Amino acid sequence: MKRIVIAVFLILSCSIAGAQVKFEKGWIMDNAGNKTECLIKDAGKFCAQSQVTYRLTKDSQSEVADIMDVKALYVGGTLYERHTFEYDESEAFLTSNSSQSPDPEYVKTTAFLRVVCDGPARLYRYDVPSVKDNFFISTEEDPTPKYLI
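So, a few notes on the structure that sits alongside this text. (Residues numbered from 1 in each chain as written. Predicted model: local features only at pLDDT ≥ 70, side-chain atom pairs only at ≥ 80, totals over all residues. Heavy atoms only, no water.)

### Section: the overall build of the protein chain
Now for step 1: What the protein chain contains, in helices and strands, is 1 helix and 10 strands.
Now for step 2: When the elements of the protein chain are put in sequence order from the N terminus, they spell out α-β-β-β-β-β-β-β-β-β-β.
Now for step 3: For the protein chain, contacts bridging at least 24 residues in sequence account for 40% of all contacts bridging at least 6.
Now for step 4: In the structure as shown, the protein chain presents an accessible area of about 9900 Å², 55% of it carried by carbon and sulfur atoms. (Helix = DSSP H or I, 4+ residues; strand = E, 2+ residues; numbered from the N terminus. Contact = heavy atoms within 4.5 Å. Areas by Shrake-Rupley, 256 points an atom, 1.4 Å probe, with all protein chains shown as cover.)

In structure tokens, the structure reads:
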């Protein structure tokens, strides 16, 4: 009986510790280009989020910004930018990432793209659970991300 009580206690304490919300230092840029230094809730997959939860200070209330109000955000050493783009949502072979369909199934969406490489050409990654990784590229001459096939 003593072992069962200890096991239950350990399981509950581990689940409570894992459920704590983690806010990391970063910034959010609004559509006007204004940067706000803040603590951003790091859910890990910003590409899949339609809102960003943040706090202005460690002790302040959490605030929520809609994706349409956030132009870019920087958290955990990674830059994310909001773009409207089309990507191939068709099923893919797990090893090759190529579509099983002869005609790609493009879906238009507005989401955060993770900036993988910055320079004269910028490489983006759209990584969402249950969707294969999709990459995009933009240049100084054409800043709109183009789908890499």
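From this point, the narrative continues.
### Observations regarding the packing of aromatic side chains
Now for step 1: Taken as a whole and assessed by the stated rule, the structure comprises 8 aromatic pairs.
Now for step 2: Taking the centre distance of 5.1 Å and the plane angle of 55° together, the rings of Phe46 and Tyr80 count as tilted. Here the residue Phe46 occupies a position in the loop between strand E2 (35-41) and strand E3 (51-55), and Tyr80 occupies one in strand E6 (residues 78-88), the gap between them amounting to 34 residues. In this structure, Phe46 and Tyr80 share a single accessibility class: buried.
Now for step 3: Consider the rings of Phe136 and Tyr147, whose centres lie 5.3 Å apart with planes at 50°: the pair is tilted. Linking Phe136 in strand E9 (residues 131-139) with Tyr147 in strand E10 (residues 146-147), this pair joins segments that are 11 residues apart in sequence.
Now for step 4: Ring-pair connections join several aromatic residues into one group, and the members of that group are Phe85, Tyr87, Tyr106, Tyr126, Phe136 and Tyr147.
Now for step 5: Its end group placed over the ring of Trp27, Lys35 keeps NZ or CZ at 4.3 Å from the ring centre.
Now for step 6: When the ring centre of Phe23 is taken as origin, the NZ or CZ atom of Arg55, which lies over that ring, is 4.2 Å away. (Phe/Tyr/Trp six-rings, centres within 6.5 Å; stacked < 30°, edge-to-face > 60°. Buried < 20%, exposed > 50% of the residue type's maximum accessible area, 1.4 Å probe, protein only. Lys NZ or Arg CZ within 6 Å of the ring centre and 35° of its normal.)

### What to know about the side chain of Arg122
Now for step 1: The residue Arg122 is located in strand E8 (residues 121-128) in this model.
Now for step 2: In this structure Arg122 touches Leu79, Glu81, Val115, Cys117, Phe136, Ile137 and Ser138, once residues within four positions along its chain are discounted.

### Focus on the sheet that holds E6
Now for step 1: Reading across the sheet, the 10 strands line up as E4-E3-E2-E1-E5-E6-E7-E8-E9-E10 and stay open at both edges, with antiparallel pairing between neighbours. Among the strands making up the open sheet, the edge pair consists of strand E4 (63-66) and E10.
Now for step 2: The pairing of strand E1 (residues 23-30) with strand E5 (residues 70-75) spans 5 bridges and is antiparallel. The residue of E5 that forms the bridge with Met29 is Ala72. (Pairing = 2+ DSSP bridges.)

### Observations concerning the nonpolar core
Now for step 1: Ranked by size, the top nonpolar core spans 28 residues in total, and within it Ile28, Ile40, Leu73 and Tyr126 carry the most contacts.
Now for step 2: Residue assignment for this core shows that the elements contributing at least two residues are E1, E2, E3, E5, E6, strand E7 (106-117), E8 and E9. (Core = buried A, V, L, I, M, F, W, Y, C linked by side-chain atoms within 4.5 Å.)

### Observations regarding the environment of Gln51
Now for step 1: Locating Gln51 in the fold gives a position in strand E3.
Now for step 2: On the accessibility criterion, Gln51 (44% relative accessible area) is partly exposed.
Now for step 3: Discounting residues that sit within four places of it in the chain, Gln51 has contacts with Val64, Ala65, Asp66 and Ile67.

### Describing the environment of Arg55
Now for step 1: Inspection of the secondary structure puts Arg55 in strand E3.
Now for step 2: Between the C-alpha atom of Arg55 and that of Leu39, which follows or precedes it by 16 residues, the distance is 5.1 Å.
Now for step 3: When near neighbours in sequence (up to four residues on either side) are disregarded, Arg55 contacts Phe23, Cys38, Leu39, Ser60, Gln61 and Ser62.

### Some remarks on the pattern of salt bridges
Now for step 1: Within this structure, the stated rule accounts for 5 salt bridges.
Now for step 2: Ionic pairing is found between Glu24 and Lys22, a salt bridge with its closest N-O pair at 3.6 Å.
Now for step 3: For Glu24, a relative accessible area of 19% puts it in the buried group.
Now for step 4: Look at Lys22 and you get exposed, because its relative accessible area is 53%.
Now for step 5: With its nearest N and O atoms 2.2 Å apart, the salt bridge here joins Arg122 to Glu81. Here Arg122, found in strand E8, pairs with Glu81, found in strand E6; they are 41 residues apart in sequence, far enough to count as distant. In this structure, Arg122 and Glu81 share a single accessibility class: buried.
Now for step 6: Bridged by salt links that share partners, the residues Glu81, Asp118 and Arg122 form one connected network. (Salt bridge = Lys/Arg side-chain N within 4 Å of Asp/Glu carboxyl O.)

The analysis is restricted to geometry; functional conclusions fall outside its scope.
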